[in-house]
Amino acid sequence: MCEHCAGAAMGRRAFIRAGLGLTAAALVAGTDFARAAGGPTTDLTPDQALEKLKAGNARYVAAPEVCSLELGKRRSAVAQSQAPWATIISCADSRVPPELVFGGLNVGELFVVRNAGNLVDVGAMGTIEYGAAVLGSPLIVVLGHERCGAVAAACDAVTKGATYPGSIWPMISPIIPIAKSVQAAGGDFVDNTIIASAKATAARLTRDSEIVAGKVKDGKIRIVAARYDLDDGRVTFF
Ligand SMILES: [Zn+2]
């Protein structure tokens, strides 16, 4: 049963209550991109957002479902503004759609960055900063996943000297030093790299972004690395 059918929509209802919380415009007064946000931001705390993701993933593991009735209603409700309560940096892998693996979430709930290997380049970083500073998303999750092809490709570059054409090589290259750092650890090389890469990316967000670092320092944002299991659907948070 999905969150809405289960009647556990307290947090969702909070999104559409008018007049609560800081508006995006207040956060970035005078800037053009504030207009894209419009309404109030979520009033979930970082910890509440994380608990909501955990509960959603438990629903997905137990009984995956998408509520189509609620989808129609929500489309109208968020047409003019959005207040996502979590930012997810996920792989482009077709088997890891964040809205589904976190329990059949609706339009307007997650702010999502996706690319092969769930990496953070300048476009991803700008997107994350926008989610943090303008949309007021209180949680950032770097979501790696089991048997990630991008990570496996980087591991093959380390162990077999594999190379890749076009932009694939520079895209996966940030994973290579991570793979080398765990190569001697034993166990599953690819899986160890998947986890280490997600953790390294999560750590890098505060190092490379003053916007994100400031929000974390103020307790407005929490950053978590995670791994999605393709076999059983579980997300493990680190
Ligand atoms: Zn992947």
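Here the structure is shown first, and the text comes after it.
Scoring rules and cut-offs
- Residues numbered from 1 in each chain as written.
- Predicted model: local features only at pLDDT ≥ 70, side-chain atom pairs only at ≥ 80, totals over all residues.
- Helix = DSSP H or I, 4+ residues; strand = E, 2+ residues; numbered from the N terminus.
- Buried ≥ 20, exposed ≤ 12 C-beta atoms within 10 Å, placed from the backbone.
- Contact = placed C-beta atoms within 7 Å.
- Core = buried A, V, L, I, M, F, W, Y, C linked by C-beta atoms within 7 Å.
- Axes fitted to C-alpha atoms, helices over the stretch in contact; angles between N-to-C directions.
- Parallel < 35°, antiparallel > 145°, perpendicular 65-115°, else oblique.
- Left-handed = near helix turned anticlockwise from the far one by under 90°.
- Nonpolar A, V, L, I, M, F, W, Y, C, P; charged D, E, K, R; others polar.
- Arc of directions from axis to C-beta.
- Pairing = 2+ DSSP bridges.

Participant: Before we go on, may I ask you to explain the overall build of the chain in this structure?
Facilitator: When you go through the chain residue by residue, the secondary structure sums to 11 helices and five strands. The 238 residues of the chain split such that 39% are buried. Considering only residue pairs separated by 6 or more positions, the chain has 74% of its internal contacts joining residues 24 or more positions apart.

Participant: Honestly, helix H7 (residues 149-160) in this entry has me stumped. Any pointers?
Facilitator: Think of an α-helix as 3.6 residues a turn; residues three or four steps apart then line up on the same face. Buried residues of H7: Ala150, Val151, Ala152, Ala153, Ala154 and Cys155, and no others. Each element contacted by the buried residues of H7 is listed here: helix H8 (168-172), helix H9 (175-182) and helix H10 (189-208). In the segment just after H7, Gly161 is the residue with positive phi, at about 70 degrees.

Participant: For this particular structure, what's the right way to read the nonpolar core?
Facilitator: Residues Ala86, Val141, Val142, Ala150, Val151, Ala154 and Ala226 are the most contacted members of the largest nonpolar core, which totals 54 residues. In contact with Ala86, other than residues within four places in its own chain, are Ala49, Leu53, Leu110, Ser137, Leu139 and Val141.

Participant: Can you walk me through the packing of H7 against H9 in this structure?
Facilitator: A pair of packed helices can be characterised by two numbers: the angle between their axes and the separation between those axes. Look at H7 against H9: their axes get within 9 Å of each other, and the N-to-C directions meet at 65 degrees. It follows that H7 is roughly perpendicular to H9 by the angle criterion. Considering only the axes of H7 and H9, their crossing is right-handed. Across from Ala150, Val151, Ala154, Cys155, Ala157 and Val158 in H7, the residues of H9 making contact are Ile175, Ile176, Ala179 and Lys180. In the contact of H7 with H9, the residues fall into nine nonpolar, no polar and one charged.

Participant: What should I look at first to understand unusual backbone geometry in this one?
Facilitator: Excluding glycine, residues mostly have negative phi values, and the peptide bonds linking residues are mostly trans. Phi is positive for Asn118, close to 40 degrees, though the residue is something other than glycine. Mapping Asn118 onto the fold places it in the loop between strand S2 (110-114) and helix H6 (122-133). Positive phi is not limited to glycine here, since Arg147 has a value of about 55 degrees. Examined against the element boundaries, Arg147 turns out to sit in the loop between strand S3 (139-145) and H7.

Participant: Even after reading the chapter, I still don't get H9, so can you show me in this structure?
Facilitator: Residues of H9 that are buried: Ile175, Ile178, Ala179 and Val182. All buried residues of H9 project into a common sector of 100 degrees when viewed along the axis, lining one side. Packing partners of the buried residues in H9 comprise H7, H8 and H10.

Participant: Explain the environment of Trp169 here, please?
Facilitator: In this structure, Trp169 sits in helix H8. For the pair Trp169 and Ala153, spaced 16 residues apart in the sequence, the C-alpha separation amounts to 9.2 Å.

Participant: Would you mind showing me how to read the environment of Gly219 here?
Facilitator: By secondary structure assignment, the location of Gly219 is in the loop between helix H11 (210-217) and strand S4 (222-228). Classification of Gly219 as exposed rests on a count of 11 C-beta atoms within 10 Å. In the structure, Gly219 is positioned 174 residues away from Thr45 in sequence and 8.8 Å away in space, judged by C-alpha atoms.

Participant: I would appreciate a short explanation of the pairing of S4 in the present structure.
Facilitator: Along a regular strand, successive side chains alternate from one face of the sheet to the other. Most of S4 is tucked away, with five of its seven residues classed as buried. Bridge analysis of S3 against S4 gives seven bridges, and the strand direction is parallel. What sits directly across from Val141, in S4, is Val224. Across three bridges, S4 lies against strand S5 (residues 235-237) in antiparallel orientation. Following the sheet pairing, Arg227 is matched in S5 by Thr236.

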